[in-house]
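Structural features, examined
Take a look at the letters that make up each chain.
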Amino acid sequence: MLRSVGQTRVTRSGEDPRVTELRAAVSRLRRELAGHPAEFADRGIAEDELAAMDAMAVSGVPEIRRLRRSLLLIAGAVGSVSALAGGLTNVRNAVEMFGEPKI
């Protein structure tokens, strides 16, 4: 089903399904990152930004520009780690569900 930007559904629990999807995607990538054995220089940045995204999602409808900024930082930090590509794609798809920022 297609929805216009700005239209939202609400689940039985009262939570926006986009937020639910974002929380699930962030949680998955956090688990994958925690279980990844290799250390890389920007791992801490990715962990911090995933924590920030989770906090935004828990608080309700997150700020779209901030979500996108976090996504860019995470992608830059883990983009070369092919084992995390699926989780990163899920987070990107969840962020894109929020549409364009209102000006």
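Below: a short report on this structure. (Residues numbered from 1 in each chain as written. Predicted model: local features only at pLDDT ≥ 70, side-chain atom pairs only at ≥ 80, totals over all residues. Heavy atoms only, no water.)

Interhelical geometry of helix α2 (residues 43–58) versus helix α3 (residues 64–78) gives an angle of 155° and a closest axis separation of 9 Å. In terms of their interaxial angle, α2 and α3 are classed as roughly antiparallel. Seen from above, α2 lies across α3 with left-handed handedness. Within the contact between the two elements, α2 uses Ile45, Ala46, Glu49, Leu50, Ala52, Met53 and Met56 and α3 uses Arg66, Leu67, Arg69, Ser70, Leu71, Leu73, Ile74, Ala77 and Val78. Residue classes in the contact of α2 with α3 are distributed as 12 nonpolar, 1 polar and 3 charged. (Axes fitted to C-alpha atoms, helices over the stretch in contact; angles between N-to-C directions. Helix = DSSP H or I, 4+ residues; strand = E, 2+ residues; numbered from the N terminus. Parallel < 35°, antiparallel > 145°, perpendicular 65-115°, else oblique. Left-handed = near helix turned anticlockwise from the far one by under 90°. Contact = heavy atoms within 4.5 Å. Nonpolar A, V, L, I, M, F, W, Y, C, P; charged D, E, K, R; others polar.)

Turning next to the pattern of salt bridges. Under the counting rule described, the total for this entry stands at 7 salt bridges. Salt-bridge contacts for Arg28 lead to Glu32; the nearest nitrogen and oxygen are separated by 2.7 Å. A residue pair is termed a helical-turn pair when its members lie 3 or 4 positions apart in one helix, as Arg28 and Glu32 do in helix α1 (residues 17–35) at 4 residues. When its relative accessible area of 22% is taken as the criterion, Glu32 is described as partly exposed. Between Glu39 and Arg43 there is a salt bridge, with the nearest N and O atoms lying 3.8 Å from each other. Owing to a relative accessible area of 6%, Arg43 belongs among the buried residues under this scheme. Three or more residues joined by partner-sharing salt bridges are found here, namely Glu39, Arg43 and Glu47. (Salt bridge = Lys/Arg side-chain N within 4 Å of Asp/Glu carboxyl O. Buried < 20%, exposed > 50% of the residue type's maximum accessible area, 1.4 Å probe, protein only.)

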